[in-house]
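Residue strings, one per chain:
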Amino acid sequence: MKEKVYSVDNYWDMNVLAGIADYDGKPCYYTNIFSEAEDDWTNEYLLTPLTEDIFTLGLEIWNYWLYWLRTYNQTKVPHQVEYAKQRKNHSFDFLMKADVDTEECLKAEQNYQNHLVFDHYLKANQPTVKAKGVFNGKIDGTDTFVEWTNHENL
């Protein structure tokens, strides 16, 4: 059965590595399993169920990423990684006073806070399922589906 993919947060050489997708109709965070023996990514994934509020945060993070991609030429707000580095070195008030549109900075700060909560949730909750995944559709997570097979509860 094909399941909806909400985000493709990471990929390498056309291998889908991480993101949010339904598993048995419920949202989960999926992460690809790397094979040290083969020195390559596998088609196996660990799935961590998401609560409704964490799922909502994940979608907000994904939508911010899509927004950033669309507007990176018009905005002075850096990508999440650069923003996080700046945020660790300076206060948010300092960033607000920098030569950055306040509305853009507020969006980046909200996204940063969402990331902190989302990442904390994933660190505190272990995957519950291991499954093989075959992804179809666009790599940007729109019109993307996955078919999970060989399910194994952990």
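Right, let's walk through the structure included here.

Definitions and cut-offs
Throughout this document, residue positions are counted from 1 along each chain, in the order its sequence is written. Owing to the predicted nature of the model, reporting of local features is limited to residues with pLDDT of at least 70; listing and counting of side-chain atom pairs is limited to 80 or more, with chain, interface and lining totals taken over all residues. Side-chain numbers here rest on the full set of heavy atoms in the structure, without hydrogens or water. Nine residue types can take part in a nonpolar core, namely buried Ala, Val, Leu, Ile, Met, Phe, Trp, Tyr and Cys, and a core is a set of them joined through side-chain atoms within 4.5 Å. Type-normalised accessible area, obtained with a 1.4 Å probe on protein chains alone, sets the label of each residue: buried when under 20%, exposed when over 50%, and partly exposed for intermediate values. Elements are defined by DSSP. Helices are runs of H or I of four residues or more, strands are runs of E of two residues or more, and each kind is numbered from the N terminus. Every residue pair with non-hydrogen atoms within 4.5 Å of one another is taken to be in contact. Working definition: rings of Phe, Tyr and Trp (its six-membered ring) pair if their centres are within 6.5 Å, and the pair is stacked with planes under 30 degrees apart, edge-to-face with planes over 60 apart, and tilted otherwise. Two strands make a pair as long as DSSP finds a minimum of two bridges between them.

### A closer look at the nonpolar core
Grouped together as the largest cluster of nonpolar side chains are 14 residues, with contacts concentrated most on Val5, Tyr30, Leu47, Phe135 and Trp148. Mapped onto this core, the elements with two or more residues apiece are strand 1 (2-12), strand 2 (15-23), strand 3 (26-35), strand 4 (40-49), strand 5 (129-136) and strand 6 (145-153). Setting aside anything within four residues of it in sequence, one finds Trp148 in contact with Met1, Glu3, Ala21, Asp22, Tyr23, Tyr30, Tyr45, Leu47, Ala131, Lys132, Gly133 and Phe135.

### Examining the packing of aromatic side chains
Overall, the coordinates contain 11 aromatic pairs when judged by the stated rule. Aromatic pair Tyr6 and Phe55: ring centres 4.9 Å apart, planes at 75°, arrangement edge-to-face. A residue pair is termed long-range when its members are at least 10 positions apart, and Tyr6 in strand 1 and Phe55 in helix 1 (residues 52-71) qualify at 49 residues. The interplanar angle of 50° and the centroid separation of 5.2 Å between the aromatic rings of Tyr30 and Phe135 together place this pair among those described as tilted. With Tyr30 in strand 3 and Phe135 in strand 5, this pair connects stretches of sequence that are 105 residues apart. For the pair formed by Tyr30 and Phe135, the shared burial category is buried. An aromatic cluster is present here, built from Tyr30, Tyr45, Phe135 and Trp148 joined pairwise through their rings.

### Considerations on the pairing of strand 4
For strand 3 and strand 4, the ladder comprises 7 bridges, and the chain directions are antiparallel. When the sheet's bridge partners are listed, Asn32 is paired in strand 4 with Tyr45. Across 4 bridges, the pairing between strand 4 and strand 5 is antiparallel. Residue pairing for strand 5: Tyr45 is matched across the bridge by Ala131.

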